[in-house]
Amino acid sequence: MRFSYAEAMTQATYYAPLAQAAEAAGYTSMTVADSLIYPKESDSKYPYTDTGDRAFLDGKEFIEAMILCAHLFAQTTTLRLTPFVVKLPIRPPVLMAKQASSLAFLSGNRLGLGVGLSPWPEDFDALGVDWARRGKRMDECMDILKGLTTGEYFQYSGEFYEVDELKQCPGATEPIPLLVGGHADAALRRAVRKGDGWMHAGGDGEELDRLLTRLAEIRKEEGDTRDDFEVHVISYDAYTVDGVKRLEDKGVTDCIVGFRVPYIMGPDTEPIEKKIDALNGYADTIISKVNG
(Lines give C-alpha, C1' and ligand atoms only; values in the text may rest on other atoms or scores of the structure.)
Protein backbone atom coordinates (compact mmCIF):
# COMPACT_ATOMS: atom_id res chain seq x y z
CA MET A 1 0.00 0.00 0.00
CA ARG A 2 1.13 3.53 -0.77
CA PHE A 3 0.23 6.52 1.39
CA SER A 4 -0.46 10.11 0.37
CA TYR A 5 -0.35 12.97 2.86
CA ALA A 6 -3.12 15.53 2.37
CA GLU A 7 -3.02 19.04 3.76
CA ALA A 8 -5.02 21.78 2.05
CA MET A 9 -6.21 25.29 2.82
CA THR A 10 -3.41 25.95 5.27
CA GLN A 11 -0.73 28.64 5.24
CA ALA A 12 1.14 28.54 1.96
CA THR A 13 4.51 28.74 3.72
CA TYR A 14 3.76 25.42 5.43
CA TYR A 15 3.69 23.31 2.27
CA ALA A 16 7.44 22.91 1.70
CA PRO A 17 8.33 21.87 5.27
CA LEU A 18 5.31 19.56 5.37
CA ALA A 19 6.37 17.94 2.09
CA GLN A 20 9.86 17.41 3.47
CA ALA A 21 8.47 15.93 6.68
CA ALA A 22 6.14 13.59 4.75
CA GLU A 23 9.02 12.41 2.58
CA ALA A 24 11.21 11.75 5.61
CA ALA A 25 8.38 9.86 7.35
CA GLY A 26 7.90 7.43 4.47
CA TYR A 27 4.84 8.75 2.64
CA THR A 28 4.85 7.98 -1.08
CA SER A 29 3.16 11.18 -2.12
CA MET A 30 1.48 14.41 -1.13
CA THR A 31 -1.67 15.83 -2.64
CA VAL A 32 -1.82 19.35 -4.08
CA ALA A 33 -5.15 21.21 -4.15
CA ASP A 34 -6.31 23.31 -7.10
CA SER A 35 -8.40 26.47 -6.89
CA LEU A 36 -8.18 29.35 -9.34
CA ILE A 37 -10.77 31.92 -8.28
CA TYR A 38 -13.25 32.76 -5.56
CA PRO A 39 -16.25 34.66 -6.96
CA LYS A 40 -17.77 37.31 -4.72
CA GLU A 41 -21.26 36.08 -5.63
CA SER A 42 -22.19 32.54 -6.62
CA ASP A 43 -25.12 30.14 -6.52
CA SER A 44 -22.81 27.15 -6.88
CA LYS A 45 -22.72 24.49 -4.19
CA TYR A 46 -19.62 22.79 -2.86
CA PRO A 47 -20.11 19.07 -3.61
CA TYR A 48 -18.09 17.65 -0.71
CA THR A 49 -19.75 19.23 2.33
CA ASP A 50 -23.20 18.46 3.74
CA THR A 51 -24.58 21.98 3.27
CA GLY A 52 -22.92 22.82 -0.03
CA ASP A 53 -21.70 26.10 1.43
CA ARG A 54 -18.39 27.30 -0.01
CA ALA A 55 -17.75 30.35 2.17
CA PHE A 56 -14.89 28.60 3.97
CA LEU A 57 -12.85 28.95 0.76
CA ASP A 58 -12.86 32.74 1.00
CA GLY A 59 -9.37 34.06 1.71
CA LYS A 60 -7.62 30.69 1.68
CA GLU A 61 -4.06 30.73 0.31
CA PHE A 62 -4.15 28.59 -2.83
CA ILE A 63 -0.91 28.59 -4.81
CA GLU A 64 -1.59 27.61 -8.42
CA ALA A 65 -1.24 23.83 -8.47
CA MET A 66 1.49 23.42 -11.09
CA ILE A 67 3.57 26.23 -9.61
CA LEU A 68 3.25 24.68 -6.15
CA CYS A 69 4.32 21.32 -7.58
CA ALA A 70 7.47 22.93 -9.02
CA HIS A 71 8.23 24.51 -5.64
CA LEU A 72 7.72 21.27 -3.72
CA PHE A 73 9.66 19.14 -6.19
CA ALA A 74 12.60 21.48 -5.71
CA GLN A 75 12.37 20.96 -1.93
CA THR A 76 12.21 17.14 -2.03
CA THR A 77 14.00 14.23 -3.70
CA THR A 78 11.69 11.18 -3.65
CA LEU A 79 8.21 12.44 -2.78
CA ARG A 80 5.59 12.07 -5.48
CA LEU A 81 3.04 14.86 -5.96
CA THR A 82 -0.56 14.12 -6.97
CA PRO A 83 -2.65 17.23 -7.73
CA PHE A 84 -6.08 16.56 -6.28
CA VAL A 85 -7.32 17.49 -8.81
CA VAL A 86 -6.33 19.96 -11.51
CA LYS A 87 -9.43 21.41 -13.18
CA LEU A 88 -8.34 20.30 -16.61
CA PRO A 89 -10.94 21.48 -19.17
CA ILE A 90 -10.67 25.15 -18.16
CA ARG A 91 -6.94 25.12 -19.01
CA PRO A 92 -5.38 25.21 -22.51
CA PRO A 93 -4.29 21.60 -23.07
CA VAL A 94 -1.11 22.37 -25.04
CA LEU A 95 0.13 24.64 -22.24
CA MET A 96 -0.95 22.08 -19.65
CA ALA A 97 1.02 19.38 -21.47
CA LYS A 98 4.13 21.58 -21.48
CA GLN A 99 3.79 22.24 -17.75
CA ALA A 100 3.21 18.58 -16.92
CA SER A 101 6.07 17.22 -19.01
CA SER A 102 8.42 19.89 -17.63
CA LEU A 103 7.51 18.96 -14.05
CA ALA A 104 7.89 15.25 -14.75
CA PHE A 105 11.25 15.76 -16.46
CA LEU A 106 12.73 17.98 -13.73
CA SER A 107 11.40 15.85 -10.86
CA GLY A 108 12.50 12.46 -12.17
CA ASN A 109 8.96 11.37 -13.04
CA ARG A 110 7.44 12.11 -9.64
CA LEU A 111 4.19 13.61 -10.99
CA GLY A 112 0.93 11.69 -10.83
CA LEU A 113 -1.43 14.17 -12.48
CA GLY A 114 -4.86 14.17 -10.89
CA VAL A 115 -7.38 15.71 -13.29
CA GLY A 116 -11.07 16.45 -13.08
CA LEU A 117 -13.98 18.67 -14.01
CA SER A 118 -14.47 21.85 -12.04
CA PRO A 119 -17.86 21.92 -10.29
CA TRP A 120 -17.98 25.71 -10.67
CA PRO A 121 -19.45 27.33 -13.82
CA GLU A 122 -17.67 30.48 -12.62
CA ASP A 123 -14.29 28.84 -13.26
CA PHE A 124 -15.23 28.30 -16.88
CA ASP A 125 -16.59 31.84 -17.23
CA ALA A 126 -13.45 33.40 -15.74
CA LEU A 127 -11.20 31.42 -18.10
CA GLY A 128 -13.39 32.07 -21.15
CA VAL A 129 -14.34 28.42 -21.64
CA ASP A 130 -17.84 27.15 -22.43
CA TRP A 131 -19.45 25.16 -19.57
CA ALA A 132 -21.50 23.07 -22.03
CA ARG A 133 -20.09 19.68 -23.06
CA ARG A 134 -17.27 20.00 -20.55
CA GLY A 135 -16.98 16.21 -20.30
CA LYS A 136 -16.17 15.89 -24.00
CA ARG A 137 -13.73 18.79 -23.66
CA MET A 138 -12.10 16.95 -20.77
CA ASP A 139 -11.68 13.82 -22.89
CA GLU A 140 -9.96 15.79 -25.63
CA CYS A 141 -7.66 17.52 -23.15
CA MET A 142 -6.60 14.12 -21.81
CA ASP A 143 -5.90 12.86 -25.33
CA ILE A 144 -3.70 15.88 -26.03
CA LEU A 145 -1.85 15.53 -22.73
CA LYS A 146 -1.15 11.87 -23.43
CA GLY A 147 0.15 12.67 -26.90
CA LEU A 148 2.27 15.73 -26.25
CA THR A 149 3.94 14.66 -23.01
CA THR A 150 5.74 11.87 -24.88
CA GLY A 151 8.02 14.45 -26.51
CA GLU A 152 7.26 13.00 -29.93
CA TYR A 153 5.46 14.62 -32.84
CA PHE A 154 1.70 14.62 -32.27
CA GLN A 155 -1.35 15.99 -34.02
CA TYR A 156 -4.97 16.03 -33.02
CA SER A 157 -8.33 16.89 -34.53
CA GLY A 158 -11.33 17.01 -32.22
CA GLU A 159 -14.58 18.82 -31.65
CA PHE A 160 -12.94 21.49 -29.47
CA TYR A 161 -9.23 21.35 -30.23
CA GLU A 162 -7.06 21.18 -33.34
CA VAL A 163 -3.36 20.56 -32.84
CA ASP A 164 -1.10 20.69 -35.89
CA GLU A 165 1.71 18.17 -35.94
CA LEU A 166 4.19 19.38 -33.33
CA LYS A 167 6.26 18.26 -30.40
CA GLN A 168 7.38 19.65 -27.07
CA CYS A 169 10.88 19.02 -25.76
CA PRO A 170 11.77 17.71 -23.26
CA GLY A 171 9.02 15.17 -22.90
CA ALA A 172 8.52 13.11 -19.81
CA THR A 173 10.97 10.21 -19.78
CA GLU A 174 8.18 7.98 -18.47
CA PRO A 175 4.42 8.23 -19.13
CA ILE A 176 2.70 10.65 -16.75
CA PRO A 177 -0.18 8.86 -15.00
CA LEU A 178 -3.48 10.67 -15.43
CA LEU A 179 -5.60 10.06 -12.33
CA VAL A 180 -9.24 10.99 -12.86
CA GLY A 181 -11.24 12.46 -10.00
CA GLY A 182 -15.01 12.34 -9.62
CA HIS A 183 -17.81 10.11 -8.37
CA ALA A 184 -20.17 10.20 -11.33
CA ASP A 185 -20.38 7.11 -13.50
CA ALA A 186 -18.93 9.11 -16.39
CA ALA A 187 -15.88 9.97 -14.28
CA LEU A 188 -15.31 6.33 -13.33
CA ARG A 189 -15.55 5.26 -16.95
CA ARG A 190 -13.26 8.11 -18.03
CA ALA A 191 -10.70 6.94 -15.48
CA VAL A 192 -10.70 3.50 -17.08
CA ARG A 193 -10.96 4.50 -20.74
CA LYS A 194 -8.73 7.56 -20.78
CA GLY A 195 -6.81 7.52 -17.52
CA ASP A 196 -4.38 5.50 -15.49
CA GLY A 197 -6.25 5.59 -12.21
CA TRP A 198 -9.09 7.04 -10.14
CA MET A 199 -9.10 9.51 -7.23
CA HIS A 200 -11.87 9.36 -4.63
CA ALA A 201 -12.99 12.66 -3.10
CA GLY A 202 -14.32 11.33 0.20
CA GLY A 203 -17.61 10.17 1.67
CA ASP A 204 -18.88 7.40 3.91
CA GLY A 205 -17.72 3.80 3.74
CA GLU A 206 -20.89 2.49 2.14
CA GLU A 207 -20.62 4.98 -0.71
CA LEU A 208 -16.94 4.15 -1.19
CA ASP A 209 -17.76 0.45 -1.43
CA ARG A 210 -20.38 1.24 -4.07
CA LEU A 211 -17.89 3.29 -6.07
CA LEU A 212 -15.17 0.63 -5.86
CA THR A 213 -17.64 -2.04 -6.96
CA ARG A 214 -18.76 0.09 -9.88
CA LEU A 215 -15.18 0.87 -10.85
CA ALA A 216 -14.39 -2.85 -10.90
CA GLU A 217 -17.48 -3.48 -13.05
CA ILE A 218 -16.44 -0.83 -15.56
CA ARG A 219 -12.91 -2.18 -15.74
CA LYS A 220 -14.32 -5.61 -16.50
CA GLU A 221 -16.70 -4.17 -19.11
CA GLU A 222 -13.83 -2.33 -20.78
CA GLY A 223 -11.52 -5.34 -20.65
CA ASP A 224 -9.03 -3.46 -18.49
CA THR A 225 -6.57 -5.83 -16.83
CA ARG A 226 -3.76 -3.37 -16.04
CA ASP A 227 -1.77 -4.20 -12.92
CA ASP A 228 -0.63 -0.59 -12.55
CA PHE A 229 -4.10 1.04 -12.50
CA GLU A 230 -4.12 3.33 -9.47
CA VAL A 231 -6.98 3.69 -6.98
CA HIS A 232 -6.57 6.56 -4.48
CA VAL A 233 -9.16 6.76 -1.69
CA ILE A 234 -10.07 8.66 1.46
CA SER A 235 -11.39 6.29 4.10
CA TYR A 236 -11.60 5.91 7.88
CA ASP A 237 -10.27 2.40 7.28
CA ALA A 238 -6.92 3.97 6.43
CA TYR A 239 -6.37 4.82 10.11
CA THR A 240 -5.98 1.23 11.32
CA VAL A 241 -3.68 -1.52 10.12
CA ASP A 242 -6.58 -3.95 9.64
CA GLY A 243 -8.54 -1.26 7.82
CA VAL A 244 -5.69 -0.65 5.38
CA LYS A 245 -5.59 -4.36 4.66
CA ARG A 246 -9.33 -4.32 3.96
CA LEU A 247 -8.83 -1.46 1.50
CA GLU A 248 -6.01 -3.34 -0.17
CA ASP A 249 -8.27 -6.36 -0.58
CA LYS A 250 -10.77 -4.08 -2.35
CA GLY A 251 -8.20 -3.00 -4.91
CA VAL A 252 -7.06 0.25 -3.33
CA THR A 253 -3.46 1.16 -4.16
CA ASP A 254 -3.09 4.51 -2.38
CA CYS A 255 -4.57 5.76 0.91
CA ILE A 256 -5.00 9.55 1.14
CA VAL A 257 -4.74 10.60 4.78
CA GLY A 258 -5.04 13.92 6.58
CA PHE A 259 -5.25 14.86 10.20
CA ARG A 260 -7.63 17.80 10.42
CA VAL A 261 -10.90 18.94 8.83
CA PRO A 262 -9.95 21.69 6.35
CA TYR A 263 -13.49 22.97 5.79
CA ILE A 264 -13.32 25.75 8.37
CA MET A 265 -13.98 29.47 8.20
CA GLY A 266 -10.95 31.68 8.51
CA PRO A 267 -7.26 30.81 8.55
CA ASP A 268 -5.80 27.52 9.70
CA THR A 269 -4.42 28.21 13.17
CA GLU A 270 -2.96 24.77 13.82
CA PRO A 271 0.81 25.09 14.40
CA ILE A 272 3.06 23.41 11.88
CA GLU A 273 4.73 21.46 14.69
CA LYS A 274 1.40 19.80 15.46
CA LYS A 275 0.92 18.91 11.80
CA ILE A 276 4.33 17.30 11.60
CA ASP A 277 3.74 15.39 14.84
CA ALA A 278 0.47 14.04 13.38
CA LEU A 279 1.96 12.87 10.10
CA ASN A 280 4.92 11.32 11.93
CA GLY A 281 2.62 9.56 14.40
CA TYR A 282 0.64 8.01 11.56
CA ALA A 283 3.83 6.88 9.86
CA ASP A 284 5.00 5.21 13.07
CA THR A 285 1.72 3.47 13.90
CA ILE A 286 0.37 2.61 10.44
CA ILE A 287 2.83 2.97 7.54
CA SER A 288 5.69 1.20 9.28
CA LYS A 289 3.45 -1.70 10.29
CA VAL A 290 1.69 -2.06 6.93
CA ASN A 291 4.81 -1.86 4.80
CA GLY A 292 7.25 -3.32 7.29
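Only a predicted model underlies this, so the values are computations on that prediction, with no experimental measurement involved.

J.: What's the story with the pattern of salt bridges in this structure? I'm lost.
T.: Oppositely charged side chains may form a pair once their charged atoms are brought near each other. All chains considered together, the criterion is met by 28 salt bridges. With a closest N to O distance of 2.9 Å, Arg-246 and Asp-237 form a salt bridge. Exposure remark for Arg-246: the relative accessible area of 40% places this residue in the partly exposed category.

J.: What's the story with the packing of helix H1 (residues 15-25) against helix H2 (residues 65-75) in this structure? I'm lost.
T.: How two helices pack is summed up by the angle between their axes together with the distance between the axes. Contact pair H1 / H2: the axes reach a minimum separation of 9 Å and the direction vectors enclose 50 degrees. Regarding the angle of H1 to H2, the classification is oblique. Judged by the twist between their axes, the crossing of H1 over H2 is right-handed. Here Tyr-15, Ala-16, Ala-19 and Gln-20 of H1 come into contact with H2, specifically with Leu-68, His-71, Leu-72 and Gln-75. The residue inventory of the contact of H1 with H2, partitioned by class, reads five nonpolar, three polar and no charged.

J.: Would you mind going over the packing of aromatic side chains with me for this structure?
T.: Two measures describe an aromatic ring pair: the distance that separates the ring centres and the angle between the ring planes. By the definition in use, this model includes 13 aromatic pairs. Pairing Phe-124 with Trp-131 gives two aromatic rings, centres 5.1 Å apart and planes at 90 degrees, and the pair type is edge-to-face. When its relative accessible area of 0% is taken as the criterion, Phe-124 is described as buried. Since its relative accessible area comes to 27%, Trp-131 is described here as partly exposed. For the ring pair Tyr-239 and Phe-259, a centre distance of 6.3 Å and an interplane angle of 85 degrees mean the geometry is edge-to-face. Of this pair, Tyr-239 sits in the loop between strand E10 (230-233) and helix H8 (241-249) while Phe-259 is found in the loop between strand E11 (254-257) and helix H9 (272-291), placing the two residues 20 residues apart along the sequence. An aromatic cluster of three or more residues is present, and its members are Phe-3, Tyr-5, Tyr-27, Tyr-239, Phe-259 and Tyr-282. Note that Arg-54 overlies the ring of Trp-120, its terminal NZ or CZ placed 3.9 Å from the centroid. It is Arg-134 that lies over the ring of Trp-131; its NZ or CZ is 3.6 Å from the centre.

Basis of the calculations
Residues numbered from 1 in each chain as written. Predicted model: local features only at pLDDT ≥ 70, side-chain atom pairs only at ≥ 80, totals over all residues. Heavy atoms only, no water. Salt bridge = Lys/Arg side-chain N within 4 Å of Asp/Glu carboxyl O. Buried < 20%, exposed > 50% of the residue type's maximum accessible area, 1.4 Å probe, protein only. Axes fitted to C-alpha atoms, helices over the stretch in contact; angles between N-to-C directions. Helix = DSSP H or I, 4+ residues; strand = E, 2+ residues; numbered from the N terminus. Parallel < 35°, antiparallel > 145°, perpendicular 65-115°, else oblique. Left-handed = near helix turned anticlockwise from the far one by under 90°. Contact = heavy atoms within 4.5 Å. Nonpolar A, V, L, I, M, F, W, Y, C, P; charged D, E, K, R; others polar. Phe/Tyr/Trp six-rings, centres within 6.5 Å; stacked < 30°, edge-to-face > 60°. Lys NZ or Arg CZ within 6 Å of the ring centre and 35° of its normal.

Shape descriptors only; they carry no functional weight alone.
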